[in-house]
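Chain residues, written in single-letter form:
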Amino acid sequence: MEMEGGSSSGSAGGTQTHHRFSPMRSRAFYRFTQQNLPACKPVLTPGWVIMTFLIMGIVFVPVGLVCLHASESVVEIVDRYDVECIPEAYRSNKVAYIKDSSISKNCNRTIKWQHPKDTSLFHPPALTSRVQKHMKAPIYIYYELDNYYQNHRRFVKSRNDKQLLYGLKYKDTSSCKPEESSNGLPIVPCGLIAWSLFNDSYAFVRDRGEMNVNRKNIAWKSDREHKFGKHVYPFNFQNGTLIGGGKLDPSIPLSDQEDLIVWMRTAALPTFRKLYGIIEEDIDADEIITVHLVNNYNTYSFGGKKKIVLTTSNWLGGKNGFLGMAYIAIGTSFVLISVLFALIHVKYPRPRGDPTYLSWNRKSNAS
């Protein structure tokens, strides 16, 4: 009884340990451990609730308008070419066209940037995408695939990350089935994802000549440096009887095969875009750009679509109006809720509740 609040004794030798604090610090520590510090207890009155919703709505709506304006300022051109690039004789049998190696897969597309007053019909709608704005570099080139399920469970599992990093040194590639080996030799990189590599190619020509497309730094830096080996080279790749997609240069390490790295980062949705390259030149509003493409990739067997996308970017990113519309919708709903609450409060007012009438407070007062 004599030792209460004073010190603590040792277990065997009776050694006492004293915790010395300054008086002010000791009082604060005691109040903290006993949960006696002052606390803020806000009471949500109708006025506070109405003002909170109103202020949030007033803030959200302008933010949404700014985001929507930023999205609209992005210049984007989307051109579907998988149908137009097929000869008329093969329109009813697209799979035969893509599998017949004797037929040229080269195709030319015309993209014309027009002023608002330019209503010429020299370029049919099927061959023309029209934009009224100047496109400022950098201009990003994407290929877009539709109805392509890269998130399929068997497709996603058919790879081996350790083989991508260590190459033939890593032997256990059973997860890559059915593209684990070919002709009795292992495949590097193995798996269905690498086997189905996208292999359409694009070249852009303007009046002044061919435009330079930068194919470097299109993949994530972390993927290039940490997931794909700098001394791992393609081996026995696409040497089987069934060719899935593009081939790889066996003299270039996987860390420099950025097309493969971009493709190996699988998409979550059946419609997705992947970066192909970057144009580092401005395009004026009245220029005509010819796209020379090679239509190699087979999306016809499963009813897929192929598109080429040219787009600029700004501080918000690419063209996507969802964020702005979401802010505007939520902000508008907040304003409407605040108005509704205000009308209800005016029509059916009631005094603020007295906390002393709460059950736990009544018991303490009675005692």
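What counts as what
Residues numbered from 1 in each chain as written. Predicted model: local features only at pLDDT ≥ 70, side-chain atom pairs only at ≥ 80, totals over all residues. Heavy atoms only, no water. UniProt positions renumbered as here; feature names shortened; annotations may be inferred. Helix = DSSP H or I, 4+ residues; strand = E, 2+ residues; numbered from the N terminus. Buried < 20%, exposed > 50% of the residue type's maximum accessible area, 1.4 Å probe, protein only. Core = buried A, V, L, I, M, F, W, Y, C linked by side-chain atoms within 4.5 Å. Disulfide = S-S within 2.5 Å. Salt bridge = Lys/Arg side-chain N within 4 Å of Asp/Glu carboxyl O. Expected span 1.5 Å × (residues − 1). Contact = heavy atoms within 4.5 Å. Patch = residues over 30% accessible without salt bridge, like charges linked within 9 Å, V, L, I, M, F, W, Y side chains within 5 Å. Areas by Shrake-Rupley, 256 points an atom, 1.4 Å probe, with all protein chains shown as cover. Axes fitted to C-alpha atoms, helices over the stretch in contact; angles between N-to-C directions. Parallel < 35°, antiparallel > 145°, perpendicular 65-115°, else oblique. Left-handed = near helix turned anticlockwise from the far one by under 90°.

An unreviewed UniProt entry annotates the protein as ALA-interacting subunit originating from Elaeis guineensis var. tenera. Note on the protein: under the UniProt heading Sequence similarities (unreviewed entry), the record states "Belongs to the CDC50/LEM3 family." Recorded in UniProt under Subcellular location (unreviewed entry), the annotation for the protein is "Membrane".

Trainee: What exactly am I supposed to notice about the UniProt feature "transmembrane region" (unreviewed entry) in the protein here?
Mentor: Annotation from UniProt places "transmembrane region" (unreviewed entry) at residues 48–70 and 322–344. Counted over residues 48–70, helix gives 100% and strand 0%. Its end C-alpha atoms are 33 Å apart.

Trainee: What exactly am I supposed to notice about unusual backbone geometry here?
Mentor: For residues besides glycine, phi is generally negative; the peptide bonds are generally trans as well. Cis rather than trans, the peptide bond between Ala-137 and Pro-138 has omega equal to 0°. Summarising the element assignment, Pro-138 is placed in the loop between β4 (106–112) and β5 (139–146). In this chain, Lys-177 is followed by Pro-178 through a cis amide linkage whose omega measures 10°. Turning to its location among the elements, Pro-178 is positioned in the loop between α5 (161–166) and β6 (181–182). Residues other than glycine seldom take positive phi values, yet Asn-147 does so here, at roughly 65°. On the secondary structure map, Asn-147 appears in the loop between β5 and α4 (153–157). Judged by its relative accessible area of 29%, Asn-147 is partly exposed. Positioned with a positive phi, Asn-236 is a non-glycine residue whose angle comes to about 55°. By the element assignment, Asn-236 lies in the loop between α7 (221–226) and α8 (258–264).

Trainee: Sorry, what's going on with the nonpolar core here?
Mentor: Across soluble globular proteins, you tend to see nonpolar side chains buried next to one another. Residues Tyr-202, Phe-204 and Trp-263 are the most contacted members of the largest nonpolar core, which totals 52 residues. Of all elements in the fold, only β4, β5, α6 (192–195), β8 (201–206), α8, β11 (272–279), β12 (288–294) and β13 (305–311) reach the threshold of two or more residues within this core. No other element matches α8, which puts five residues into this core. One finds Ile-86, Tyr-97, Ile-98 and Ile-103 within the second-largest nonpolar core, a separate group that totals five residues.

Trainee: Which parts of the structure should I look at to understand the state of the cysteines?
Mentor: Simply put, disulfide is the name for a covalent bond between the sulfur atoms of two cysteines. Under the criterion given, the structure shown has two disulfides. Bridging Cys-85 to Cys-107, the disulfide has an S-S length of 2.1 Å. Linking Cys-85 and Cys-107, the disulfide has an S-S dihedral of approximately -75° and is accordingly described as left-handed. In this pair, Cys-85 is assigned in the loop between β3 (76–80) and α3 (94–99) and Cys-107 in strand β4, connecting sequence segments 22 residues apart.

Trainee: Would you take a moment to explain the pattern of salt bridges for this structure?
Mentor: If the charged atoms of two oppositely charged side chains come close together, the side chains can form a pair. In the structure shown here, the tally under the stated rule is 15 salt bridges. With a closest N to O distance of 2.9 Å, Lys-306 and Asp-200 form a salt bridge. One end of the pair, Lys-306, is in strand β13; the other, Asp-200, is in the loop between α6 and β8, with 106 residues separating them in the sequence. Of the two residues examined, Lys-306 and Asp-200, each falls in the buried class. In this structure, a network of salt bridges that share partners links the residues Glu-76, Glu-144, Arg-273 and Lys-307.

Trainee: Just to check I follow, could you spell out helix α2 (residues 46–72) for this structure?
Mentor: At 3.6 residues per turn, the α-helix brings residues three or four places apart onto the same side. Along its 27 residues, α2 runs 39 Å from first to last C-alpha, staying within 8% of the 39 Å computed at 1.5 Å per residue. Close packing links the buried residues of α2 with α9 (322–347).

Trainee: What is the right way to look at a nonpolar patch on the surface in this model?
Mentor: The grouping of Met-51, Ile-55, Val-59 and Val-63 at the surface amounts to a nonpolar patch, some 320 Å² of accessible area in total. Inspection of the secondary structure puts Val-63 in helix α2.

Trainee: Would you mind showing me how to read the packing of α2 against α9 here?
Mentor: Any two packed helices are characterised by how steeply their axes cross, that is the angle between the axes, and by the distance between the axes. Where α2 contacts α9, the two axes come as close as 7 Å, and the packing angle between them is 155°. Considering the angle they form, α2 stands roughly antiparallel to α9. In this structure, α2 meets α9 at a crossing whose hand is left-handed.

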